[in-house]
Amino acid sequence: MQVHRGSLGGRPWVGYALERPEDIAFVWEWLKKNQPRSLAVDTETTGLRTFSQDTLRVVQFGTGDVAFAVPTERGEGFRELVRDVLRKVPEIVIHRASFDLLVLDKHLGVRVEELQHKFVDTKILAHLRDSRQDFEGGVGTGLKPLAAWFIDPEAPDTQEGLTAVFRSLGHTKDTGWRHVPYDNSTYQEYACLDVILTARLLPILRRELFIHSIPDTLVQYEHQLAAICSRVERKGLLLDVPYTEGLVGRLEDSRLQFANVAARYGVDNVNSNAQIIAALHGMGEVWDVRTEKGALSVASEVLLPMADVNKKWEPLGFRKANPLADAVLRAQRAGKWRKSYATAMLENRDEFDYVHPKFSTLGAKTGRTSVSDPPLQQLPSKGWEIRRCVTAPDGEEYFSVDQSSVELVVLAALSGDQAMGDAVRSGRNLHDYTATLMFGPDFTPYQRGLAKIGGLGASYQGGPKALSKMTGLPVAEMKDAMDRYMRSYPTLRPWFKGLQREALANGCEIRTPSGRRMVLDRDRLYKAVAYVCQSTARDTMGQAMLDMDGKGLTPYLNLWIHDEVIGTAPSGSVREVAQEVSETMQMTLFGVPISAEPKVYGRTWADGYGLPEAWKLR
């Protein structure tokens, strides 16, 4: 057994790295003598692909003063020690628990359900204290910056030392985790320190939550939600391997097709900003959106309006589409989809051909949940090609339930606007109703589009210039649309101003109905509206996830994306399950109802997205 000693913030610590089965007795003796009611826990794996190629190497546990590194890769005795400790200790503390819970579930058989009522995630606590990153004026939610801020600014960066070790072994930062020897002293110290730091952070962060009056109910809610999403991630999505393999080639063909179109306009490389700028200028396009370094931007926010489509790839109908902008966007998208979706899913599927997208339940400052590996939340709202990769097990079908226009409904509920609230309560289509208020009952489809833009500008406080960049329409027209929107809902503007005054009076801090604390930049107090609306909308879906779990519906769920859940159920009962999910997702927020619509798709996720008959699963 190797022993490592050090000091953090003037307080000593010791780490024991077990090596032989006889070392296990020492751990049990220490546990019996000290009887810890709380242990910090961490894992070291060969990589981040929990369900496919990567495996568990080491499990660490301990207190703020003593840590044990247990090489589970060295035999069943070590693995059984960890299982016993995890099951017997009353509380376990983990930083970024969703990852480690699934590693322990997959590789040691300690199910998420066994630990979900007794884990505390210090990353969740840090996010609830202050969700800003360091470059935004906060501390961040990573273990290292938190430790440097709250424990010891001179705490050693063992990961930097490990990177040097990896290079000395001929490996990179990504591949070194698999090949570094367990008995490497830097590796062992890194493992022990993560436990020590996590254990010491817990009381500090709990005190910080008390100081900032973060409700215990919100803390409990976030932990319950994280556990539910870990179970959904564990279930995964069944991959149609032959289709996905074929899609890799078809996407490459599509990339080449649109790259050839771009080449006809003088763009030989669709990733060359200089070539794209020169060609667009030659076609008469004029814009002044710039990068942080001052160069003209050709990011998607510039090219999408030129191609007359929005971020969801829906036609805007505002102008004649620029063929070069369209070709560049489609070539770039085909290349991204090939790499980030089709190829990634094939490479990361498990032995049963399931892919397991990762959930970050606090993926944004507002608490909005994100999905990665693959980033399914970034798929456009229309389009079947990528979704066709995902199929249901034999005898089952896909269903979807989404909360309808939830962020606008939240805006109506929080602002108390009578007209908007009445429209929602009467079941009217909010965009149609708004267009009627703005332009009269004979509004055109174009004017309905302006009404939607007005709602977007209101919810996210995007001014006329921001909306102009988004749509490609003149600033004057965007200003007129916003003015009409605000006249239609007269309560909104005073509420916006009041929210900003409240934030300024509270040190640029705002609170949501759930008690979530968010700190604003003093020069961007206008973001208060977007933050409160987006965060509250997320919390309505989060509460729905808890309610569904209470009804035993979680085993049917495969994905949670923004205001929508996607699931699978036996064909004979899929409609009943979808209806039950729908009823559970419906709720009332300050007297304004949030509705949810169930849809049954079929054998694949793509069946709900206009899947051509030729590509249907037989």
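Summary of the structure given here. What you are looking at is a predicted structure, and each value in this text was computed from that prediction instead of being measured.

## A short note on the sheet that holds strand 13 (residues 396-403)
Backbone-to-backbone hydrogen bonds join strands into a sheet, with any given pair of strands oriented parallel or antiparallel. Reading across from one edge, 16-17-13-20 is the order of the 4 strands in this open sheet, with antiparallel pairing throughout. Taken across any chain shown, the strands that pair with only one partner, and hence form the sheet edges, are strand 16 (557-561) and strand 20 (596-602). The mean angle between the axes of side-by-side strands here comes to 20 degrees, regardless of whether they run parallel or antiparallel. Here strand 13 runs beside strand 20; their pairing, made up of 6 bridges, is antiparallel. Residue pairing in the sheet places aspartate 402 in a bridge with glutamate 597 of strand 20.

## Considerations on the packing of aromatic side chains
For the structure on display, the rule yields 13 aromatic pairs. Ring plane angle 70 degrees and centroid distance 5.2 Å describe the contact between phenylalanine 166 and tryptophan 177, whose orientation is recorded as edge-to-face. Remark: tryptophan 177 occurs in helix 8 (residues 176-179) and phenylalanine 166 occurs in helix 7 (residues 158-168); sequence separation between them is 11 residues. Under the relative-accessibility criterion, tryptophan 177 is labelled buried at 13%. For the pair tyrosine 601 and tyrosine 609, a centre-to-centre distance of 5.7 Å together with 70 degrees between the ring planes defines the contact as edge-to-face. The pair tyrosine 601 / tyrosine 609 is uniform in exposure class, with both members buried. Three or more aromatic residues link up through ring pairs in this structure, and these residues are Tyr16, Phe26, Trp30, Phe61 and Phe68. The ring of tyrosine 609 has arginine 387 lying over it, and the distance from NZ or CZ to the ring centre is 3.9 Å.

## Some thoughts on helix 21 (residues 492-505)
Here helix 21 is 14 residues long and its end C-alpha atoms lie 20 Å apart, about the 20 Å a rise of 1.5 Å per residue gives. Burial in helix 21 covers these residues: Leu492, Trp495, Phe496, Leu499, Gln500 and Ala503. Along the axis of helix 21, the buried positions cluster into a sector of 135 degrees, meaning they face one direction only. In this structure, helix 21 carries Pro494, Arg501 and Ala505 as exposed residues pointing more than 90 degrees from its buried face. Elements that come into contact with the buried residues of helix 21 comprise helix 15 (406-415), helix 16 (418-425), helix 18 (445-460), helix 20 (475-488), strand 14 (509-511) and helix 22 (527-550).

## Concerning the sheet that holds strand 8 (residues 237-239)
Taken in spatial order, the 3 strands make up an open sheet running 9-8-12, and their pairing is antiparallel. Of all the strands in the sheet, the pair left with one neighbour each is strand 9 (354-355) and strand 12 (390-391). Two strands pair when backbone bridges link them, and strand 8 and strand 9 are joined in this way by 2 bridges, in the antiparallel orientation. Bridging across to strand 9, leucine 238 finds its partner in tyrosine 354.

## A look at the pairing of strand 13
Sheet topology places strand 13 next to strand 17 (residues 564-570); 7 bridges connect them, and they run antiparallel. Bridge pairing in strand 17 places tyrosine 398 opposite threonine 568.

Definitions and cut-offs
- Sequence order as written defines residue numbering, which begins from 1 separately in each chain.
- In keeping with the model being predicted, local features are shown solely for residues with a pLDDT of at least 70 and side-chain atom pairs are shown and tallied solely at 80 or more, while totals for entire chains, interfaces and linings include all residues.
- Values shown for side chains rest on all heavy atoms present in the structure; no hydrogens or waters enter the calculation.
- By the convention used here, strands pair only if DSSP detects at least 2 bridges between them.
- Numbering goes from the N terminus for both helices and strands, where a helix is a DSSP run of H or I of at least four residues and a strand is a run of E of at least two.
- Inter-axis angles, ranging from 0 to 180 degrees, are taken between N-to-C directions of lines fitted to C-alpha atoms, where helices are fitted over the stretch in contact.
- Working definition: rings of Phe, Tyr and Trp (its six-membered ring) pair if their centres are within 6.5 Å, and the pair is stacked with planes under 30 degrees apart, edge-to-face with planes over 60 apart, and tilted otherwise.
- We call a residue buried when its accessible area falls under 20% of the maximum for its residue type, exposed when it is over 50%, and partly exposed in between, using a 1.4 Å probe and counting protein chains only.
- We count a charge as sitting over a ring when the NZ of a lysine or the CZ of an arginine lies within 6 Å of the ring centre and within 35 degrees of the ring normal.
- To estimate the expected span of a helix, count its residues, drop one, and scale the result by 1.5 Å.
- Note that the arc is computed from the directions linking the helix axis to the C-beta atoms.
- Here, two residues are considered to be in contact whenever any of their heavy atoms come within 4.5 Å of each other.

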